[in-house]
Structure formats: C-alpha cells, structure tokens
Amino acid sequence: MVFTRRPAAVLTAIVAACAMAISLTACTTDANSQDTADDRTTVTSSAPGVVAMFTPSDGITLNQQTPLNKWAKLTPNLTKALTSAGFKKGDISHTTSDSLDKQSRAIQDYVVNHLSGSNTTDDAGIVISPDNITLLVAPVVEADASTRQYGDYVSQELSTADTAEGSDSTDSSDSSDSSNSSDSSDSSTGSDSTDDSSSDASKTTGDSKNAAQAEAVDRLVSSLKLAKESGMHVVLMGNSIKGYKPDAFVRFSDAQAIGKLQAEKIVSKLELSKASKDNPKYIEVLMPYTAVDESGEASDSTFAQEAFRGIWQVLGAYYQKGVVESPSGTLNGNSTEDDWQSVAYDASKEGSTAKVLDARLAKAEEHASPTRIDGIIAMNDYIASEVVTELDDLGYTGSAADINPQITISGIVGNITGKKDLSRSDVPDPIKSPEKDDSADSTDSADTQDDSTATDKTDKTKDSQWPLVTGYGAYVSNIPSIVNGKQWMTGIEDRQTLAENIAEACALLNKGQTLTSMSSVRNTEVGGKKKVPTISGPLLAVSASNLKVTLIDPGYISLADAGL
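Quick summary incoming for the structure in this document.

Quick notes on the rules
Residues numbered from 1 in each chain as written. Predicted model: local features only at pLDDT ≥ 70, side-chain atom pairs only at ≥ 80, totals over all residues. Heavy atoms only, no water. Helix = DSSP H or I, 4+ residues; strand = E, 2+ residues; numbered from the N terminus. Buried < 20%, exposed > 50% of the residue type's maximum accessible area, 1.4 Å probe, protein only. Areas by Shrake-Rupley, 256 points an atom, 1.4 Å probe, with all protein chains shown as cover. Patch = residues over 30% accessible without salt bridge, like charges linked within 9 Å, V, L, I, M, F, W, Y side chains within 5 Å. Salt bridge = Lys/Arg side-chain N within 4 Å of Asp/Glu carboxyl O. Lys, Arg positive; Asp, Glu negative; His and termini not counted. Charge placed at Lys NZ, Arg CZ, Asp CG, Glu CD. Contact = heavy atoms within 4.5 Å. Axes fitted to C-alpha atoms, helices over the stretch in contact; angles between N-to-C directions. Parallel < 35°, antiparallel > 145°, perpendicular 65-115°, else oblique. Left-handed = near helix turned anticlockwise from the far one by under 90°. Nonpolar A, V, L, I, M, F, W, Y, C, P; charged D, E, K, R; others polar. Expected span 1.5 Å × (residues − 1). Core = buried A, V, L, I, M, F, W, Y, C linked by side-chain atoms within 4.5 Å. Pairing = 2+ DSSP bridges. Polar contact = N/O pair within 3.5 Å; in protein donor to acceptor, adjacent residues only side chain to side chain.

### Details of the overall build of the chain
Working step 1: Along the backbone of the chain there are 15 helices and 19 strands.
Working step 2: Scored against the burial criterion, the 564 residues of the chain give a buried share of 43%.
Working step 3: Accessible surface for the chain amounts to roughly 27,500 Å². Of this, 49% is attributable to carbon and sulfur atoms.

The following block contains the structure:
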C-alpha cells in the first residue's frame, strides 16, 4: 500500500515543485518588469535611465566674436559622456529656451507629462519610472553686454525676492523721476505731459517685465519641486535658484575665479615674489562693466565687484609692499578690494577701452618713449583684443614671447604643430632698475657717456616692450593673437572633464546612489541651502605654450582656428 502510494506522492511533489518554480518565475518577472495592458515594462533599477537637458539658447557676443564657453559647445560633450556612461541616445533629450518663461513652461510640461503617463516610454516601449529620470537644468538668466563677453557659463543666481526688490526700486526711482519731471515742468511748458506719459510707459513696462520674471521663477521652482517629490532627480548647472536645493549643482566659472586666475598667472609669469621697490613691476587692471542696461536702468555691478575682489586677493599684497605699481595711479598701496570703481569703466560705449588705456598709459612728454607697462589684466578676450590694437597704436613692440628669450614665435608654432617641446628659463631682471642704480661709478668720462647712451637706449626698449595681456573666454578670433604672443593668456572651462563628471553623477542618481564616491564633488552652499553636492573643476589657463594640449588635442579648436 505504501509502495503504491509512493509514485503518487512523488508526482504530487513534482507538480508542487513546478508550481513553485512558475510562481517564483512570475515573482521575479514582476520584480524586474511590471506588465501593463499594452505589454510595456518598467525600466529596471540597473538601467541608466533617462536624462533631460534644459539649457539657455546661446547668447550673442559683440561683433559676433564667440567664446568657446557656450552651451552649444557643452551639450555635445554632455551627450557623448552620457552615452559613454551607458545611457541610450534615445533616452537623452535636449531643450533650449531663449527666456526663463519658455524654459519654465518646457520643464513644467515635461514633468507633468511624465507623471500623468502621457509620455513615459522610450522607443523600446519601456516605461520610465520617475526615479530613473534626471533633469539637467541650466536656468536662463539675463546677462548684460559686458557679462556675456565671458561666455554662457558664468554663475548667477535667480531669486523671486530680488525681482520683487527690483520692482520696488523701480517704483521708487520712477516716482522720483516723475517728481523731478513735475518740478522741472514749472519752468517749461508743453513737455510735462510728454514726460509723464513716457515715465508711465516706462514704469508699466518695468512692472510687467518684473512680474513676468517673478512668475517664471515661481513656475520653474514649482516644477522642479514637483519633479523631486515624484522621485526625479534635479541637477542645476551654472545658475542657482535662491531658496531651492537641488540634488546636485554644477559650478562653472564665477567672477571671482576669473579675476583670480588672471592675477595668479601674472604673478607667476612676472615672478613678483622676486620684485623689489627699486625695480617694481607695472600692472594695469581694466574692469569693464555695463553701467546702464537696455531699458535705461542702472545695471547690477556685482560681477565687476566680485571680479576685482578675486584680483585684489592675489595682487593686493604686492601693491601694498610697493613691488607693483599702477602707471596711472588708479591702484596703490592704500587700495582695498572695495575699490573696484577706480579701475572700472563703461565698456558698452564704442572705443571706450582704447580711450581708457590711452589715458592710463599717457606719455610724460609728446616725444617721450611709451610708458612702461609689464602686464594688463583685460578680464575677457573681447577687451583683450581691443587692448592689443591700442598697444600697437601706442608704439609698443614685440610680444609676450620676448619676456622669455628662449621662446620664439617659430618655437611656439613648432610646439603647437607637434614638432618640438618648449623649454622655458627665468627672465633676467635686475633688482634695481637702471635709472635707480647708482652703485656703478666710472672715472672715465667718455666711457660714462657711452654707458649712459647705451643705458638710455635700453630704457627706451624696456619702456616700449610689449606687456603681458590676459583675457578669458578663449575666443576663436583671438587664438592667432595668443599664438603670436600679442595676447599672453586666456581661460576656459574644462568642458570634457565637467561633462564626464556630470554624466557619472546622472548615472549614480538614477541608480539611487549618492555622489560621495566622486572625487570632483564636495558639499557647498547653493542658493542659500547648505550641504549641496557640488561638481566643480579648476579653470584652464591657456597660453601659446600649452595651447595644443588644452585646445587643439581635445578638439575644441582646429589648427586653422589657430591661424596655422
């Protein structure tokens, strides 16, 4: 009896085992892919997921001179880095907007559509879960003409509160203008109604613009908060939003970093640590800014102030020691980091840079040699190009290559084209300048006269020697000037490295992991919020000696762009 039951028991056990296997298989399938009515499946947690990029449309710089720090240049690097990190091209989208209003609406539509299920699948029919989506957002901010000259990545901050304050300030200003107009109308007839209508129109336009901006900021913040609450990840690039905390922030260049970079390179190249009061170096700082915006209102001078602060943190000590002087006297040992206005000028006026430089380097006498100048911090490549033109008109000769006798233009070209490496050596520079050196005492009058003549020629040559000219933005139109030594250096973001770091962060976030494993990430304060994982990297200083490695080899520019 027992024997006859064993086959039945065995069969029963087999059937049960099969049932369990089928059940487990079903459970496994359910865990990895959720079936839907139209046979779609949810993307698994091991897949990279989706990245949606939202960037501003590229701005236009004066005279169509274009810096390499443009959003249109970064997004291809980002797409390439994302695909290398495992993302499918079909899962990477990019939307550009020329205003914050349009961008906020585009982001709002994207988030709502994905959460409502109307746009939740990729080309393969895979349902995209919110926690597998990362939004890369570079908020659109308005930049004045001078700020645009540094490129698109200069970090700024959006704030509804600031917009409201601007509105109040506008109201007060308009009220004051209206009052002044009313007072002046007492002594003139026929103009009061025109002035009043113009003031009212300006006030209405300003109020409407501020209200639209505030509404766009609120819409953007609400959309990003909704995205995060649903499980999506938000990474802000370049521009922060006051009071909003993203999952991560990508910090590009800011005004202080741009100023500091140029000052540090000047210090290194001129070896200011070896300079003395008896033979100081002569440096001028040009701080371009836009005094009045397109609507006629006073522009925000924060960028200029921060840029000068970065410069002064480096050069201030040398001015105070007396080993660096300003030929124009705009800066001295008593200057502070708050004295930015002493070197600032309205760059929006045509020919303003040439006029300012001409005044600062004015000759003591009509037929005297040019005023000695060792370095000019021009802040950006647009200003640097104007400086180069004016220096030539003022009679300065040579190039930055002359500061190091072992480096010639042919040597620079050879290095760029890959024919040979450059070898630098220290620049011989006496502790005392010739005109201040009284240690030599010759008894031979003829020899003394000959020495004096030779010294005079040396002094004139020294005075007219081409100075170091710095800039920022790596304008393609300026690259030939860097090659021939007329502009000594420029600066640029390390786009490829930043793109790779951003892609890595997106992959980690979509997998539900933190960014603590990334060496390029550290916690900083962003938009008033503390401990925000921030991706950043050092700016690249580009000169003729490393132009091949920094710009040509990575594919940022071609040999033709460099004039070769």
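Moving on from the model shown.
### Focus on a positive patch on the surface
Working step 1: Positive charge collects at one region of the surface, where K225, K245, K529, K530 and K531 lie side by side.
Working step 2: Per-element tally for the positive patch: the top contributor is strand 18 (residues 529–535), with 3 residues.
Working step 3: Within the fold, K245 resides in the loop between strand 8 (240–241) and strand 9 (248–250).

### Comments concerning the side chain of E390
Working step 1: Within the fold, E390 resides in helix 10 (residues 381–393).
Working step 2: Although E390 lies buried, it forms no salt bridge, and the closest oppositely charged side chain, K363, sits 10 Å away as judged by the N-O distance.
Working step 3: The contact partners of E390, leaving out residues within four places of it in the chain, are A354, L357 and D358.

### Quick look at the packing of helix 9 (residues 352–360) against helix 10
Working step 1: One can describe the packing of helix 9 onto helix 10 by two numbers: an axis separation of 9 Å at closest approach and a directional angle of 50 degrees. Judged by the inter-axis angle, helix 9 sits oblique to helix 10. Between helix 9 and helix 10 the crossing geometry is right-handed. Along the contact surface, helix 9 presents T353, A354, L357 and D358, while helix 10 presents I383, E386, V387, E390 and L391.
Working step 2: Residue composition of the contact of helix 9 with helix 10, grouped by class: 5 nonpolar, 1 polar and 3 charged.

### Observations concerning helix 8 (residues 302–321)
Working step 1: Here helix 8 contains 20 residues, and its C-alpha end-to-end distance of 28 Å stays within 8% of the 28 Å for a straight helix at 1.5 Å per residue.
Working step 2: A positive backbone phi angle near 85 degrees is found at G322, which sits one or two residues after helix 8.

### Description of a nonpolar patch on the surface
Working step 1: On the surface, a cluster of nonpolar side chains totalling about 210 Å² of accessible area is made up of V112, L115 and L226.
Working step 2: Relative to the helices and strands, L226 resides in helix 6 (residues 192–230).
Working step 3: Residue classification places L226 among the partly exposed residues on the basis of a relative accessible area of 35%.

### Things to note about unusual backbone geometry
Working step 1: Unlike most non-glycine residues, E271 shows phi in positive territory, near 50 degrees.
Working step 2: Secondary-structure assignment places E271 in the loop between helix 7 (255–270) and strand 10 (281–285).

### Notes on the packing of helix 2 (residues 71–84) against helix 14 (residues 495–510)
Working step 1: Relative to each other, helix 2 and helix 14 sit at 45 degrees, their axes nearing to 8 Å. Between helix 2 and helix 14, the interaxial angle falls into the category oblique. The handedness of the crossing between helix 2 and helix 14 is right-handed. Here K73, L74, N77, L78, A81 and L82 of helix 2 lie close against helix 14, whose contacting residues are R495, Q496, A499, E500, I502, A503 and C506.
Working step 2: For the contact of helix 2 with helix 14, a count of residues per class yields 8 nonpolar, 2 polar and 3 charged.

### A word on the nonpolar core
Working step 1: Residues M287 and L315 are the most contacted members of the largest nonpolar core, which totals 39 residues.
Working step 2: Ranked by residues supplied to this core, first place goes to helix 8 with 10 residues.
Working step 3: Sequence-distant contacts of M287, that is, excluding residues within four places in its chain, are made with A304, A307, F308, I311, V343, A344, Y345 and M379.
Working step 4: L74, L78, I502 and A503 belong to the second-largest nonpolar core, a separate cluster that totals 30 residues.

### Describing the environment of Y244
Working step 1: Note on placement: Y244 falls in the loop between strand 8 and strand 9.
Working step 2: Take Y244: its relative accessible area is 4%, and that puts it in the buried class.
Working step 3: Residues Y244 and K225, 19 residues apart in the sequence, show an inter-C-alpha distance of 8.4 Å.
Working step 4: Those residues in contact with Y244 that sit more than four places away from it in its chain are V221, L224, K225, K228, V234, L236, V526, G527 and K529.

### What to know about the sheet that holds strand 18
Working step 1: Read across the sheet, 7 strands follow the order 3-2-5-7-9-18-17 without closing on themselves; strand pairing throughout is mixed. At either margin of the open sheet sits one strand with a lone partner, and together these are strand 3 (92–97) and strand 17 (521–526). Neighbouring strand axes in the sheet, compared pairwise and without regard to direction, differ in orientation by 30 degrees on average.
Working step 2: Where strand 2 (residues 50–56) meets strand 3, 6 bridges bridge the pair, whose relative direction is parallel. Across the sheet, V51 pairs through a bridge with I92, a residue of strand 3.
Working step 3: Packed onto the sheet, helix 2 meets strand 2, strand 3, strand 5 (133–137) and strand 7 (233–237) and runs at close to 170 degrees relative to strand 2.
Working step 4: Along the sheet, helix 14 makes contact with strand 2, strand 5, strand 7, strand 9 and strand 18, crossing strand 5 at roughly 145 degrees.

### Topic: helix 10
Working step 1: For helix 10, built from 13 residues, the straight-helix expectation of 18 Å at 1.5 Å per residue is met to within 8% by its first-to-last C-alpha distance of 18 Å.
Working step 2: Every buried residue belonging to helix 10 is among D381, Y382, I383, A384, V387, V388, E390 and L391, and all of these are buried.
Working step 3: Contacts from the buried residues of helix 10 go to strand 11 (287–289), strand 13 (344–346), helix 9, strand 14 (375–377), strand 15 (468–470) and strand 16 (489–492).
Working step 4: Between the side-chain oxygen at the start of helix 10 and the backbone nitrogen of Y382 there is a gap of 3.0 Å, and the oxygen is on N380.

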